[in-house]
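Here is how the chains run, residue by residue.
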Amino acid sequence: QRQKEEEAALDAKFMAETKARLDKEEAERARALADRLRRNEEFVKKLKESTTYQEDVERRKEEERAVLREVQAREAKDRERDQRKKEASRKRQQMINETNRKMAEEKQKATKEMEKAEEAYAAKCRREAEVVLAEKESKAMRAARLKKQNSFVLKKQIEEQQQIKAELMSDMNGVERSINKELMVKIDTDPVLRSKIMEQHRKIATRRG
C-alpha cells in the first residue's frame, strides 16, 4: 500500500513539475510572441514615420526647388529688363551724340557761311566805299579844276572888264564920263549888258588888230 502511495506521490510530483514546466514554457512562448509583436509594431511605426519624413523632405525639397526656379526666373527677367534698359539708354545716348554732332557740324557750317557772307559784305562795302571815295575825289578834283577854271575865267573877265572900262573911260572926256557914269555902274551890276559891251569891244579890237 505504501508503495502505491509513494508511486502516486511521485506521479503527482511528476505531473506537477511537468505542468509547471509546461506553464513556464507557455509563458515564455507568450512573452516571446508578445515581444515579437511589439517589435513588429515598433518597426511598422518607425517605417511609417520614416516614410512620412521622407515625403516631408521631398516636399520641402520640391518647394525649395520651386522657390529657386521662381527666384531664378525673376532674376532672369530682371537681368533681361536691365539689359533692355541699358540697350535703350545706349541707343538714346548714341542718338543724342549723333544729334549733337550734326548740330555742331551745322553750327560750324552756318558760322563759316556767316563769316564768308560777312567777309563778302565787308569786301563789297569796301569796294563801294572805295568807289564812293574815288567819285568824291574825282568830283573834288573836277570841282577844284572847275573852280580854278572859273576863277581864272572870272579873273580874266574882271581884268578884261577893267580894261574895257579903262579904254572906254580913256575915250571919254569929262562931260561924257559924267553922262555915262550910270552906264559904268550898270556895267558892273548887269552881266547881260556887260557881256554885250565886252563882245562888242572884242569885235572892235579884232577889226583893229
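Calculation notes
Here the residue index of a chain counts from 1 through its sequence in written order. Totals for whole chains, interfaces and linings use all residues, but because this is a predicted model, local features are given only for residues with pLDDT of at least 70 and pairs of side-chain atoms are given and counted only at 80 or more. Remark: hydrogens and water are excluded; side-chain values derive from all non-hydrogen atoms of the structure. Helix and strand labels come from DSSP, where a helix needs a run of H or I of at least four residues and a strand needs a run of E of at least two; each type is numbered from the N terminus. Type-normalised accessible area, obtained with a 1.4 Å probe on protein chains alone, sets the label of each residue: buried when under 20%, exposed when over 50%, and partly exposed for intermediate values. In what follows, a contact means two residues having at least one pair of non-hydrogen atoms within 4.5 Å. For every accessible area listed, the method is Shrake-Rupley and the probe measures 1.4 Å; residues are considered covered only by the protein chains on display. A side-chain nitrogen of Lys or Arg and a carboxyl oxygen of Asp or Glu constitute a salt bridge if their distance falls within 4 Å. Every residue gets a pLDDT, meaning the predictor's confidence in that residue, from 0 to 100. Patches draw on residues past 30% relative accessible area with no salt bridge. Two like charges within 9 Å are joined, as are two nonpolar side chains (Val, Leu, Ile, Met, Phe, Trp, Tyr) within 5 Å. Counting rule applied: Lys, Arg positive; Asp, Glu negative; His and chain ends not counted. A charged residue contributes its charge at one atom only: NZ of Lys, CZ of Arg, CG of Asp or CD of Glu.

1. Focus: the overall build of the protein
Here is step 1 of the chain: Secondary structure assignment for the protein yields four helices and zero strands.
Here is step 2 of the chain: Across the 209 residues of the protein, 7% fall into the buried class.
Here is step 3 of the chain: The long-range share in the protein, meaning contacts at least 24 apart out of those at least 6 apart in sequence, stands at 40%.
Here is step 4 of the chain: Roughly 18,900 Å² of accessible area belongs to the protein as shown, and the carbon and sulfur atoms make up 56% of that amount.

2. Here we look at the pattern of salt bridges
Here is step 1 of the chain: Tallied over the full model, the rule gives 12 salt bridges.
Here is step 2 of the chain: The salt bridge partner of Glu80 is Arg84, with a shortest N-O separation of 3.2 Å. Taken together, the positions of Glu80 and Arg84, both in helix α1 (residues 2–171) and four residues apart, correspond to about one turn of that helix.
Here is step 3 of the chain: With a relative accessible area of 47%, Glu80 lands in the partly exposed category.
Here is step 4 of the chain: Residue class for Arg84 comes out partly exposed when judged on its relative accessible area of 48%.
Here is step 5 of the chain: Between Arg101 and Glu105 there is a salt bridge, with the nearest N and O atoms lying 2.5 Å from each other. Of this pair, Arg101 and Glu105 both sit in helix α1, separated by four residues, roughly a single helical turn.

3. Here we look at the confidence of the model for the protein
Here is step 1 of the chain: The predicted model of the protein averages 79 in pLDDT, with 75% of residues at 70 or higher.
Here is step 2 of the chain: Element-level mean pLDDT values for the protein span from 60 in helix α2 (residues 174–179) up to 82 in α1.

4. Considerations on a positive patch on the surface
Here is step 1 of the chain: A cluster of basic residues, Lys136, Lys139, Arg142 and Arg145, forms a positive patch at the surface.
Here is step 2 of the chain: Structurally, the position occupied by Arg142 is in helix α1.
Here is step 3 of the chain: You can call Arg142 partly exposed: its relative accessible area is 42%.

5. Some words on a negative patch on the surface
Here is step 1 of the chain: Taken together, Glu5, Glu6, Glu7 and Asp11 make up a surface patch of like negative charges.
Here is step 2 of the chain: Within the element layout of this structure, Glu5 appears in helix α1.

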